[in-house]
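# Topology and contacts: notes
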Amino acid sequence: MPTRREPTARQLRLAVELRRLREAAGLTARQAAAMLGVSNVQISQIEAGLSGVSEQRLRRLASHYACADEEFVNALVEMATDRTRGWWEEYRGLLPTSFLDLSELNHYASFRRDVAILYVPGLLQTEEYARAVFSGRVPELACEELDLRVRHRMASQGITVPYELVIHEAALRIRVGDRVASRAQLVRLVDLSEADNITVRVIPFDLDGFARAASTMTYVGAAVPKLDTVVRDVPHGSAFIDSEAQLGAFRTRFRKVEAVSLDPERSRDFINRLAKEL
């Protein structure tokens, strides 16, 4: 297979999982290469995401690595053989790679969970709100890039899988843009919360247990739990977290945050009340 110049986050995740399987089996890259009858360089490129791997070779590797989790192996095969060219590819070379990686992650998600402290998450933003968020960036974005980011954000919406959001009152009260834009965003949030697949919960300022929601997080479910991903904001983009131990910790963290939040109906009333105050 041809060598890639810039593997996507999904391709890199497949590479990481294959390396983890090999290391768990106690095998070196040289030994894995010998089992397939290929060079060390080919195994290195596969485990760096620079080269793809066929279904036949992937299943042979899984067998050599004594991986008996058929569901997991099938999910890896799907990752290796999928040839989808997503809508986000039109932005490649125009926007930071982290934007495209998150769009790709959302495209293949089986569910998504967010904890938001300062902003309404991008999946639920109005165009005016999104523009105000990007306009506040330092240093300022050129008009062309600002428009691209807003257009990309709008294109990334329309989530159809189960989506759970726990949002703090601070994010609802902070005016991103003017009063009109802020009110429109709250109204949209209420409207979207009535969708069958979207659940919105609010953590008011006066609710105990806020320390558990002290940081934002995005948890994206995959075909199998081992392939879930947590996305955290970092100064120059996004960090993708995928170790089993950390995924387990973030699952627990989300449920604790959820437990101290208002139920969906009271949350909807709460947001409605804030919108009317504006």
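Structural data are supplied above this passage.
Residues numbered from 1 in each chain as written. Predicted model: local features only at pLDDT ≥ 70, side-chain atom pairs only at ≥ 80, totals over all residues. Heavy atoms only, no water.

### Section: empty space enclosed by the protein
Put simply, the rule is: The definitions used throughout rest on a 1 Å grid laid over the protein atoms alone, on which a cavity is an enclosed set of points accommodating a 1.4 Å probe that cannot get out and a pocket is an open set flanked by protein within 12 Å on both sides along at least five of seven lines; lining residues are those having an atom within 4 Å of a point. Grid points are joined across faces, edges and corners, and a volume is the space filled by probe spheres set on the points. Labels follow the DSSP assignment, with helices taken as runs of H or I lasting at least four residues and strands as runs of E lasting at least two, numbered in each case from the N terminus. Note on residue categories: nonpolar means Ala, Val, Leu, Ile, Met, Phe, Trp, Tyr, Cys or Pro, charged means Asp, Glu, Lys or Arg, and polar means any other residue, Gly included.
For the structure on display, the rule yields two cavities of 30 Å³ or more. Within this model, the largest cavity holds a volume of roughly 40 Å³. For the largest cavity, the full set of lining residues is Val 120, Tyr 129, Ala 171, Leu 172, Ile 174, Ser 182, Gln 185 and Leu 186. The wall of the second largest cavity is formed by Arg 4, Gln 11, Leu 14, Ala 15, Leu 18, Ile 46, Ser 51, Gly 52 and Val 53. Looking at the lining of the second largest cavity, the element that brings in the most residues is helix α1 (residues 9-24), giving four residues. Grouping the amino acids of the lining of the second largest cavity by side-chain chemistry returns five nonpolar, three polar and one charged.

### A few points about the nonpolar core
Note the threshold: What we call a nonpolar core is a set of buried Ala, Val, Leu, Ile, Met, Phe, Trp, Tyr and Cys residues that are connected through their side-chain atoms within 4.5 Å. Only protein chains enter the area calculation, which uses a 1.4 Å probe; residues under 20% of their type maximum are buried, those over 50% are exposed, and those in between are partly exposed. In what follows, residue pairs with any heavy atoms lying within 4.5 Å of each other are defined as contacts.
With 26 residues, the main nonpolar core has Leu 14, Leu 18, Val 53, Leu 58, Phe 72, Leu 76 and Leu 227 as its most contacted residues. Secondary-structure elements contributing two or more residues to this core are α1, α2 (29-36), α3 (40-47), α4 (55-64) and α5 (70-81). Looking at this core element by element, the count peaks at seven residues for α5. With near-sequence residues (within four places) excluded, Leu 18 lies in contact with Ile 46, Glu 47, Val 53, Leu 58, Tyr 65 and Leu 76. Counting residues in each nonpolar core, the second largest holds 24 residues, with Leu 123, Val 133, Leu 165 and Leu 186 among its members.

Scope: geometric values only; no functional claims are made or implied.
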